[in-house]
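# Close look at the chain arrangement
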Amino acid sequence: MNDLTLPRHWRAALLAPALTVFLAFWLLPMSRLAAISVSAGGAGYRALITNPRYLESLLSTVILSALVTAVALALALVAGLALVRHAFPGRRTLIAMLTLPLAFPGVVVGFMVIMLAGRQGLIGAISRELTGHNTVFAYSMAGLFLGYLYFSIPRVILTLMAAAEKLDPALEEAARSLGASPWRIQRDVVLPALRPALLAAGAMCFATAMGAFGTAFTLATEIDVLPMAIYSEFTLNANLVVAASLSLVLGAVTWLVLALAGLGGGGNVAAAA
Amino acid sequence: MNDLTLPRHWRAALLAPALTVFLAFWLLPMSRLAAISVSAGGAGYRALITNPRYLESLLSTVILSALVTAVALALALVAGLALVRHAFPGRRTLIAMLTLPLAFPGVVVGFMVIMLAGRQGLIGAISRELTGHNTVFAYSMAGLFLGYLYFSIPRVILTLMAAAEKLDPALEEAARSLGASPWRIQRDVVLPALRPALLAAGAMCFATAMGAFGTAFTLATEIDVLPMAIYSEFTLNANLVVAASLSLVLGAVTWLVLALAGLGGGGNVAAAA
Amino acid sequence: MKLDSVPIRLERCAKTFPGAARPVLKPLDLDIAAGETVVLLGPSGCGKTTTLRLIAGLERPDAGGRVFFGAEDVSARPIEERQVGMVFQNYALFPHMNVRQNVAYGLSIRRLPPQQIARRVDELLALTRLDALAERQIAQLSGGQRQRVALARALAPQPRVLLLDEPLTALDAQLRESLRTEMNTLLRNLGVTTVYVTHDQAEAMALGDKIVVMSAGAIEQIGTPRDIYHQPANAVVASFIGTMNQLEGVWRDGALHCAGGRLIAAPGAQPRSRLWFRPEDVILTPSGGELHGVVESATFLGGHTRLSLSGVGAAPILVDAPGRTRYATGERIGFSLAAEVWHTPLPDTETTTC
Amino acid sequence: MKLDSVPIRLERCAKTFPGAARPVLKPLDLDIAAGETVVLLGPSGCGKTTTLRLIAGLERPDAGGRVFFGAEDVSARPIEERQVGMVFQNYALFPHMNVRQNVAYGLSIRRLPPQQIARRVDELLALTRLDALAERQIAQLSGGQRQRVALARALAPQPRVLLLDEPLTALDAQLRESLRTEMNTLLRNLGVTTVYVTHDQAEAMALGDKIVVMSAGAIEQIGTPRDIYHQPANAVVASFIGTMNQLEGVWRDGALHCAGGRLIAAPGAQPRSRLWFRPEDVILTPSGGELHGVVESATFLGGHTRLSLSGVGAAPILVDAPGRTRYATGERIGFSLAAEVWHTPLPDTETTTC
């Protein structure tokens with residue numbers, strides 16, 4: 001269709017840099033990573049299976065990421081739909097404030113979680129007043145969960161709002177004319193229409209949570225999430241083989257989720273990229 | 001328009017959780033951050049201006065982020081347009097591989113940069129063979145730049161490809177019928193049409209680079225990027241006031257860029273979220 | 001298949017959208033008999049779709065307005081409780097359901113037994129000639145097929161009232177005409193009270209028992225297609241429905257004198273200095289004729305040739321010449337007018353804009 | 001404003017898209033005289049847009065096909081070197097430029113001096129009555145205004161050939177008709193060679209000096225609107241252009257005998273057992289008539305009433321009855337046919353599908 005758009009030599013000129021960049025910087029580091037991970041006769045992967053610390057780390061990272069994704073999707077769906085559907089005074093301000101955390105990196109988010117739920121945190125102070133007990137959960141799974149959520153929700157909300165704005169209101173009106181209740185409309189019309197956006201946003205949320213480092217590191221949490229395990233194997237223990245194996249496992253899990261959501265092959269990338 | 005979609009009490013039920021979440025978890029940590037930053041009579045901000053280390057850190061982070069954004073946009077634009085325009089065998093595989101880094105977190109990316117350009121890196125090995133000199137740039141600005149780029153390009157490419165796919169081919173055909181050269185078509189038709197996507201992708205790329213921590217930390221680079229400065233003030237020096245001030249400055253700069261690109265107020269969020 | 005039907009009455013229904021300066025609909029009364037097909041016709045933005053949505057229950061009239069289905073006041077009921085079938089302009093088919101699931105949706109909401117649903121869906125698919133497409137996805141259907149699915153889906157739950165919002169606008173001219181005929185037959189057979197919104201006068205003429213011509217949020221005229229066409233109530237209606245010529249002259253001695261000649265009044269006609277007439281009211285007279293004009297342009301349109309004649313009145317007179325005769329530009333031809341034009345009520349000449 | 005124009009010739013132009021099983025266009029020859037308006041008419045997917053794009057230079061014909069503008073072989077030239085003006089179906093206006101900038105774009109490419117560009121743009125804006133909208137953004141324009149901007153933009157660089165791809169399809173019926181008339185006048189005044197693609201036969205009739213009827217990637221007939229309408233080359237053309245009745249019977253004693261009666265042949269007619277005729281070829285005869293039929297349905301359409309008569313031949317006969325007479329369903333009416341129908345060449349009866 002576009003076969004006359006550019007002369008043939010132009011096309012080659014356009015493709016060349018893409019291919020060069022790709023070959024030089026893309027495959028090289030990854031294949032190096034793969035090579036290291038299988039060196040020492042696969043000792044890295046063996047350690048992964050035999051050492052419960054690594055398995056635990058993988059498991060808790062996946063569970064945490066899945067949990068964050070589920071809760072972020074649920075909250076963002078409700079809030080995003082409400083924000084798109086209903087015009088009310090202050091709507092734009094509310095949206096702007098909901099998306100404020102976009103401006104803060106994981107380190108700062110970790111920092112905020114500590115101020116909220118740390119030893120001298122706000123929640124602790126309030127609970128001390130009320131119950132005499134200092135509630136501290138910043139350094140537990142709950143703190144991590146909170147930080148990841150804080151980081152993810154704005155991104156998920158923006159994606160879902162963009163998708164919800166494109167919903168054809170006639171679809172809902174048609175369902176209503178056929179007698180559908182609000183609940184059935186949500187289930188039969190709205191959710192199926194938002195499915196691609198939910199998948200895309202969920203996959204990106206999951207991938208981000210799987211790789212989050214700044215928040216976890218700042219919280220210096222007792223939970224050893226996978227990126228932290230990789231970091232410590234690599235830097236502190238200088239155990240390159242295990243670090244490479246863990247990296248590839250982390251990459252594989254994330255990639256699988258992205259691919260299942262159709263983001264991998266460039267399929268439905270619009271809503272999530 | 002949708003005023004009959006849901007009964008009034010349903011609407012309230014939908015808005016309530018959004019508002020609760022918002023009030024409880026959104027404003028509290030941020031206002032705490034702001035409160036701390038101005039405590040001690042604004043000493044935090046004073047330190048920021050007087051201590052050249054902080055200023056340098058801010059400056060180098062902004063410059064690095066801007067540079068990464070510019071290069072990522074340029075490369076992704078060329079590669080993305082080429083990938084959308086031209087059907088060739090292996091196109092889907094190439095796209096899938098280009099987006100592979102999406103699966104790896106910053107820590108692993110830093111790890112890969114070290115394997116590529118570190119003391120025992122590939123580039124060093126090659127340069128030793130060729131020139132006798134071991135080229136090492138993983139721990140310098142160049143290494144950081146490479147890592148950030150690796151991390152950003154897939155995200156930017158996906159956004160630009162999604163936008164390029166929506167371009168109306170008739171626009172280019174119309175320009176051609178009026179005698180426009182391929183070069184003028186790119187300048188007069190394609191770039192203006194991609195402007196929103198370029199802005200959105202650029203802003204998100206910039207924001208991500210501003211907050212990147214894992215890569216920088218893994219590289220243990222001599223450049224003190226802002227998130228690392230915040231981390232060390234907070235954790236190592238326990239200098240809460242300066243950490244909070246730095247966080248707010250980082251947030252403000254990032255937010256400004258996001259807002260300028262129209263992402264802040266939920267304006268043109270579709271392409272970037 | 002025959003459906004029950006109810007009469008519809010709108011009483012002083014106005015509609016002002018929040019924040020709008022002017023109402024999109026001025027207080028409006030409308031009576032629709034049971035089983036009748038009424039077409040709301042008008043240019044875009046003239047309130048016809050809002051009227052339809054008021055009847056549907058998708059909008060509520062401003063305070064004081066009331067909507068009746070038969071004796072029942074449904075003003076406070078939302079659409080899901082009004083038992084109406086609705087076909088939307090872009091069809092609004094559920095994209096993740098196939099044809100059968102779309103048609104069955106309204107029945108499954110009513111929790112009918114599966115066999116009954118299947119039977120009823122089969123009946124509707126047969127009625128709309130969709131049998132062969134039952135398992136197709138919506139994305140695989142052509143525009144005309146989608147239109148029929150939308151109609152089948154709306155009819156499945158046996159609505160008391162069928163509401164159609166420009167259901168043919170999205171289609172090609174050729175297809176539009178054939179689906180129009182098909183739909184006309186279907187609606188007559190079903191006998192359901194139908195309100196049909198369109199901006200296409202040919203569609204309105206072909207489908208409507210009655211046409212309601214609207215403009216600027218108000219009703220200009222209600223009548224049968226013949227009433228509307230031959231006795232337009234005012235200039236707005238006259239100009240919106242088909243083509244209307246205007247010939248001004250001087251009334252003298254029982255005739256209208258104009259640049260094109262002298263037109264003797266029909267017996268019993270009132271003195272007039274202005275006539276309104278349709279292109280097909282012109283009778284071309286190869287030799288002689290009361291009036292004369294010069295052919296400015298002649299466009300062969302198949303069934304007739306559209307002539308534009310100058311030198312008759314102030315504006316060119318448009319004529320639909322039947323038959324296969326060829327006309328050359330510059331040719332001088334004679335004509336007279338059908339006697340009926342003397343009895344066409346004179347629409348007021350003030351043109352309101354929409 | 002008058003433009004130069006060239007004749008166009010297509011020689012054995014076929015088009016097969018890569019990976020497609022069948023060519024979208026079979027080898028095709030076409031001659032278009034300088035200054036002529038030729039309309040490519042056919043259902044969607046029949047190769048008319050591909051033909052236009054071959055002329056434009058947006059597609060290249062398969063090996064062996066050649067395109068000439070006058071004596072010049074332009075087959076190898078891309079569109080930017082062919083000096084054609086093109087109007088796209090969705091107008092393809094540059095959304096980030098205002099009306100003036102859109103119209104000026106082709107001129108600024110040619111690096112003309114600014115004053116000359118401004119003068120020429122003003123001229124075109126006046127010609128298309130866009131003067132008042134020169135500074136408007138495209139998003140602020142109505143469909144009809146966009147269509148005029150697209151036309152002005154295409155005409156600005158003085159093209160040798162004007163190519164229009166369904167330029168009125170995106171518009172309302174009412175607007176389509178008025179813009180059609182406007183465009184017709186404009187094209188005649190400009191005198192530029194024009195190729196116009198449409199699927200709307202009324203548009204083709206009104207605009208074309210010649211109509212090229214296409215179906216399934218091949219040309220079915222080339223001719224003036226009158227030729228195409230009254231002497232369709234085959235059943236495909238006959239069924240695509242307007243409505244065509246078919247009456248089968250038995251030829252005996254110089255007449256056609258059918259269920260509806262006995263129709264005496266016109267003087268000099270060949271023996272025939274099948275007649276093709278248009279709804280307006282039927283002459284209703286209130287008393288008597290050679291043939292009789294029963295009114296199945298009567299639809300008042302303003303200028304005429306469309307009757308469907310049964311009991312005449314195998315299929316119902318469609319009749320356009322002029323005048324204000326009312327017809328009742330079930331009424332028996334008599335009619336004869338215009339003498340010309342005996343001289344209509346008999347299209348082959350095999351129906352090819354597209």
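Rules of the game
- Residues numbered from 1 in each chain as written.
- Chains lettered and ligands numbered in written order.
- Predicted model: local features only at pLDDT ≥ 70, side-chain atom pairs only at ≥ 80, totals over all residues.
- Heavy atoms only, no water.
- Helix = DSSP H or I, 4+ residues; strand = E, 2+ residues; numbered from the N terminus.
- Buried < 20%, exposed > 50% of the residue type's maximum accessible area, 1.4 Å probe, protein only.
- Contact = heavy atoms within 4.5 Å.
- Pairing = 2+ DSSP bridges.
- Axes fitted to C-alpha atoms, helices over the stretch in contact; angles between N-to-C directions.
- Phe/Tyr/Trp six-rings, centres within 6.5 Å; stacked < 30°, edge-to-face > 60°.
- Lys NZ or Arg CZ within 6 Å of the ring centre and 35° of its normal.
- Domains from an automatic or database assignment.
- Buried area = accessible area lost by both parts, 1.4 Å probe.
- Salt bridge = Lys/Arg side-chain N within 4 Å of Asp/Glu carboxyl O.
- Polar contact = N/O pair within 3.5 Å; in protein donor to acceptor, adjacent residues only side chain to side chain.
- Nonpolar A, V, L, I, M, F, W, Y, C, P; charged D, E, K, R; others polar.
- Expected span 1.5 Å × (residues − 1).
- Parallel < 35°, antiparallel > 145°, perpendicular 65-115°, else oblique.
- Left-handed = near helix turned anticlockwise from the far one by under 90°.

Bringing the overall build of chain C into the picture now. For chain C, the helix and strand inventory stands at eight helices and 20 strands. If one aligns the C-alpha atoms of chain C with their principal axes, the spans along those axes are about 75 × 50 × 35 Å. Taken over 354 residues, chain C has a buried fraction of 54%. Pairs at least 24 residues apart make up 68% of the contacts formed inside chain C by residues separated by at least 6 positions.

A word on the sheet that holds strand β4 (residues 66-69) of chain D. Residue and element names in this part refer to chain D. Within the open sheet, the four strands sit side by side as β2-β1-β4-β5. Their pairing is antiparallel. Looking at which strands have only one partner, the edges of the open sheet turn out to be β2 (25-32) and β5 (72-73). Direction of pairing for β4 relative to β5: antiparallel, over a ladder of two bridges. Residue pairing in the sheet places F68 in a bridge with D73 of β5. Sitting on the sheet, helix α1 (residues 48-56) touches β1 (8-15), β2 and β4, and the angle it makes with β1 is about 120°.

Glancing now at the environment of L194 of chain A. All names here are of chain A. Locating L194 in the fold gives a position in helix α8 (residues 182-211). On the accessibility criterion, L194 (1% relative accessible area) is buried. Linking L194 and A163, residues 31 residues apart in sequence, is a C-alpha distance of 6.5 Å. Sequence-distant contacts of L194, that is, excluding residues within four places in its chain, are made with L77, L81, A163, A164 and L167.

The final tally for this structure, using the stated rule, is 20 aromatic pairs over all chains. Ring geometry for F94 of chain C against Y105 of chain C: centres 5.0 Å apart, planes inclined by 65°, an arrangement best described as edge-to-face. Placement of F94 of chain C in the loop between β6 (84-87) and α2 (99-109) and of Y105 of chain C in helix α2 is noted, with a sequence separation of eleven residues between them. For F94 of chain C, a relative accessible area of 0% gives the class buried. Here R155 of chain A stacks its cationic end above the ring of F151 of chain A, 4.3 Å away from the centre of that ring. Looking at R153 of chain D, its charged tip hangs above the ring of F94 of chain D, at a distance of 4.6 Å from the centre.

Think of interface size as the accessible area that goes away when the parts come together; that is how it is often given. Residues and elements named next belong to chain A. Entries for chain A in the domain assignment read domain 1 (1-37) and domain 2 (44-272). Contact with domain 1, which involves four residues of that partner, is made by seven residues of domain 2. Together domain 1 and domain 2 conceal approximately 460 Å² of surface at their shared face, both sides included; 78% is due to carbon and sulfur atoms. The largest share of the area that domain 1 buries against domain 2 comes from L33, I36 and S37, three residues that together contribute 93% of it. The interface formed by domain 1 and domain 2 holds zero salt bridges in total. Inspection of the domain 1/domain 2 interface yields one residue pair in polar contact (both at pLDDT 80 or more). For the side of domain 1 that touches domain 2, the residue count by class is three nonpolar, one polar and no charged.

Bringing helix α5 (residues 173-190) of chain D into the picture now. Residue and element names in this part refer to chain D. Between its terminal C-alpha atoms α5 stretches 25 Å, which fits the 26 Å expected from 18 residues at 1.5 Å a residue. Those residues of α5 that fall on the buried side of the exposure criterion are R176, L179, R180, M183, N184, L186, L187 and L190. A positive backbone phi angle near 65° is found at G191, which sits one or two residues after α5.

For the rest of this paragraph, the subject is the packing of α2 of chain C against helix α4 (residues 143-155) of chain C. Residues and elements named next belong to chain C. At a minimum axis separation of 7 Å, α2 and α4 run at an interaxial angle of 30°. As far as their axial angle goes, α4 and α2 are roughly parallel. As for the relative orientation of α2 and α4, their crossing is right-handed in sense. Each of V99, N102 and V103 in α2 lies in contact with α4, whose residues at this interface are V149, A152 and R153. Grouping the amino acids of the contact of α2 with α4 by side-chain chemistry returns four nonpolar, one polar and one charged.

Okay, the pairing of strand β3 (residues 37-41) of chain C next. Residue and element names in this part refer to chain C. Buried residues dominate β3, accounting for five of its five residues. With burial as the criterion, each face of β3 is covered, one bearing T37, V39 and L41 and the other bearing V38 and L40. Sheet topology note: the β3/strand β8 (residues 193-198) ladder contains five bridges and is parallel. Paired with L40 across the bridge in β8 is V197. Pairing of β3 with strand β9 (residues 210-215), which is carried by four bridges, proceeds in the parallel orientation. Following the sheet pairing, V38 is matched in β9 by K210.

Attention now moves to the interface of chain A and chain C. Chain A puts 15 residues into the contact, and the matching count from chain C is 23 residues. Both faces considered, chain A and chain C share a buried interface measuring about 1700 Å² in area, 60% of it formed by carbon and sulfur atoms. On the chain A side of the contact with chain C, R176, S177 and L178 of chain A bury the most area, a combined 38% of that side's loss. Between R176 of chain A and E80 of chain C there is a salt bridge whose closest N-O contact spans 3.0 Å.

With that settled, consider the pairing of strand β15 (residues 274-277) of chain D. All names here are of chain D. By the alternation rule, side chains of β15 split into R274 and W276 and L275 and F277, which are all buried. In the sheet, strand β11 (residues 245-248) pairs with β15 via four bridges, with the strands oriented antiparallel. When the bridges of β15 are listed, E248 appears paired with R274.

What follows is about the side chain of S37 of chain B. All names here are of chain B. For S37, the location among the structural elements is in helix α1 (residues 8-50). Only 2.8 Å separates the side chain of S37 from the backbone oxygen of A34, close enough to count as a polar contact. In this structure the side chain of S37 is engaged in a polar contact, spanning 2.8 Å, whose partner is the side chain of Y45.

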